[in-house]
Amino acid sequence: MMLIYPADVTAPPGPRPDPVDALMDAWHAELPDVLRPTTELSKRIAQLARALDQATRGVLPELGLTVAEFDILVALRRAGEPYRMKPNELARALLLSSGGISNVVNHLAERGLVRREPSPDDGRSTMIRLTPDGVRTAEHAVRANADAHEAVFAEASPTAVDAATRALRDVDIRHSPAPRPIRTGRNPSRS
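Model, not experiment: these values are computed from the prediction.

Enquirer: Would you mind showing me how to read the pattern of salt bridges here?
Expert: Pairing is possible between side chains of opposite charge, provided their charged atoms come close. Using the criterion set out here, one finds 11 salt bridges in the structure. The partner of Asp-21 in a salt bridge is Arg-44, and the shortest N-O contact between them spans 3.0 Å. Taken together, the residues Asp-21 in helix α1 (residues 19-30) and Arg-44 in helix α2 (residues 39-63) connect sequence positions 23 residues apart. The partner of Arg-129 in a salt bridge is Glu-117, with the nearest N and O atoms 3.1 Å apart. Residue Arg-129 is located in strand β3 (residues 126-130), and its partner Glu-117 is located in strand β2 (residues 114-118); the two are separated by 12 residues in the primary sequence. We classify Arg-129 as partly exposed; its relative accessible area is 22%.

Here's what the structure looks like:
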């Protein structure tokens, strides 16, 4: 099922071959038993995730933000008024360590985008809260990121985007089993 067309033959109408098609063709020719029903889907999702990540990383320097700073500002803004969370809530929401959160929060506080304040529920703990400048920066960053992501999908029709969204919603991976360890054929106790 090669998708390479000789110069004198026109490709059939429809989507043009892309890097995922080339990858699938190569594995089909070389080791077809590695192809699964989900192989192409996973490769296309990975390719899309890379494009979206690159789009985000492309706009952050203009805003003077790192990815971690962006994530924290956006998480706090998404929390709604009063735009605050406990450090451990932020760490859980962003899958970061509390030490990693603390370093980024310190930098954001130095820039006047967040501040630490006592928790209203427990005076021994603190909350991280967006300042008014932090709210404006977070909103500007979210809009810039949304525009960058929109540009990734610029050539896709609204119908295709809607269909892909609905189809991916049906692929519920939240309850998938953990991946099994890879067996190398070696006995680790004899290494």
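Enquirer: Before we go on, may I ask you to explain a nonpolar patch on the surface in this structure?
Expert: On the surface, Leu-41, Ile-45, Leu-168, Val-171 and Ile-173 cluster together to form a nonpolar patch covering roughly 420 Å² of accessible area. Looking at where Leu-168 falls in the secondary structure, it is placed in helix α7 (residues 158-170).

Enquirer: What should I look at first to understand the sheet that holds strand β1 (residues 84-85) in this one?
Expert: Backbone-to-backbone hydrogen bonds pair the strands of a sheet. The strands run either parallel or antiparallel. The strand order across the open sheet built from 3 strands is β1-β3-β2, with neighbouring strands paired in antiparallel fashion. Two strands in the sheet have a free side with no partner beyond their single neighbour: β1 and β2. Judged from the 2 bridges that link them, β1 and β3 form a sheet pairing that is antiparallel. Considered in β3, the bridge of Met-85 is made with Ile-128. The sheet contacts of helix α3 (residues 67-78) involve β1, β2 and β3, and relative to β3 the element is tilted by about 95 degrees.

Enquirer: So what exactly am I meant to see when it comes to the nonpolar core here?
Expert: A general tendency of soluble globular proteins is for nonpolar side chains to be buried together. Formed by 29 residues in total, the largest nonpolar core has its most connected members in Ile-72, Leu-73, Leu-76, Leu-90, Val-114 and Leu-130. Elements supplying a minimum of two residues to this core: α2, α3, α4 (87-94), α5 (98-110), β3 and α6 (132-152). It is α3 that contributes the most residues to this core, 6 residues altogether. Residues within four places of Leu-73 in sequence aside, it is in contact with Leu-65, Leu-108, Leu-113, Val-114, Leu-130, Gly-134, Thr-137 and Ala-138.

Enquirer: Can you walk me through the layout of surface pockets in this structure?
Expert: One water molecule sets the probe size; rolling that probe over the atoms shows where empty space is left. One number sums up the size of the largest pocket: a volume of about 820 Å³. Arg-44, Gln-47, Leu-48, Phe-153 and Ala-156 are the residues nearest the centre of the largest pocket, which is lined by 18 residues in total. Within the residue set of the lining of the largest pocket, elements represented by two or more residues are α2 and α7. A per-element tally of the lining of the largest pocket places α2 first, with 6 residues.

Enquirer: Would you mind going over the confidence of the model for the protein with me for this structure?
Expert: Predicted coordinates in regions of low pLDDT should not be interpreted in detail. When the pLDDT values of the protein are averaged, the result is 84; 83% of them are 70 or greater. Here residues 1-12 is a poorly scored stretch, pLDDT under 50, and it has 9 contacts once near neighbours within four places are set aside; other chains count.

Enquirer: Which parts of the structure should I look at to understand the side chain of Asn-145?
Expert: Relative to the elements of secondary structure, Asn-145 occurs in helix α6. Note on Asn-145: relative accessible area 11%, which makes it buried. Contacts of Asn-145, omitting those with residues within four sequence positions, involve Thr-56, Val-59 and Phe-70.

Enquirer: Mind showing me how you'd approach the packing of α2 against α6 here?
Expert: Two quantities define a packed helix pair, namely the angle between the helix axes and the distance between the axes. In contact at an axis separation of 9 Å, α2 and α6 are set at 140 degrees when each is read in the N-to-C sense. When the interaxial angle is binned, α2 and α6 end up oblique. The handedness of the crossing between α2 and α6 comes out as right-handed. Within the contact between the two elements, α2 uses Leu-48, Ala-51, Leu-52, Ala-55, Thr-56, Val-59 and Leu-63 and α6 uses His-140, Ala-141, Ala-144, Asn-145, Ala-148, His-149 and Val-152. Among the residues forming the contact of α2 with α6, the class breakdown is 10 nonpolar, 4 polar and no charged.

Cut-offs and rules
- Residues numbered from 1 in each chain as written.
- Predicted model: local features only at pLDDT ≥ 70, side-chain atom pairs only at ≥ 80, totals over all residues.
- Heavy atoms only, no water.
- Salt bridge = Lys/Arg side-chain N within 4 Å of Asp/Glu carboxyl O.
- Helix = DSSP H or I, 4+ residues; strand = E, 2+ residues; numbered from the N terminus.
- Buried < 20%, exposed > 50% of the residue type's maximum accessible area, 1.4 Å probe, protein only.
- Patch = residues over 30% accessible without salt bridge, like charges linked within 9 Å, V, L, I, M, F, W, Y side chains within 5 Å.
- Areas by Shrake-Rupley, 256 points an atom, 1.4 Å probe, with all protein chains shown as cover.
- Pairing = 2+ DSSP bridges.
- Contact = heavy atoms within 4.5 Å.
- Axes fitted to C-alpha atoms, helices over the stretch in contact; angles between N-to-C directions.
- Core = buried A, V, L, I, M, F, W, Y, C linked by side-chain atoms within 4.5 Å.
- 1 Å grid on protein atoms, 1.4 Å probe; cavity = no way out; pocket = protein on both sides within 12 Å on 5 of 7 lines; lining within 4 Å.
- Points joined across faces, edges and corners; volume = space filled by probe spheres on them.
- pLDDT = per-residue confidence, 0-100.
- Parallel < 35°, antiparallel > 145°, perpendicular 65-115°, else oblique.
- Left-handed = near helix turned anticlockwise from the far one by under 90°.
- Nonpolar A, V, L, I, M, F, W, Y, C, P; charged D, E, K, R; others polar.

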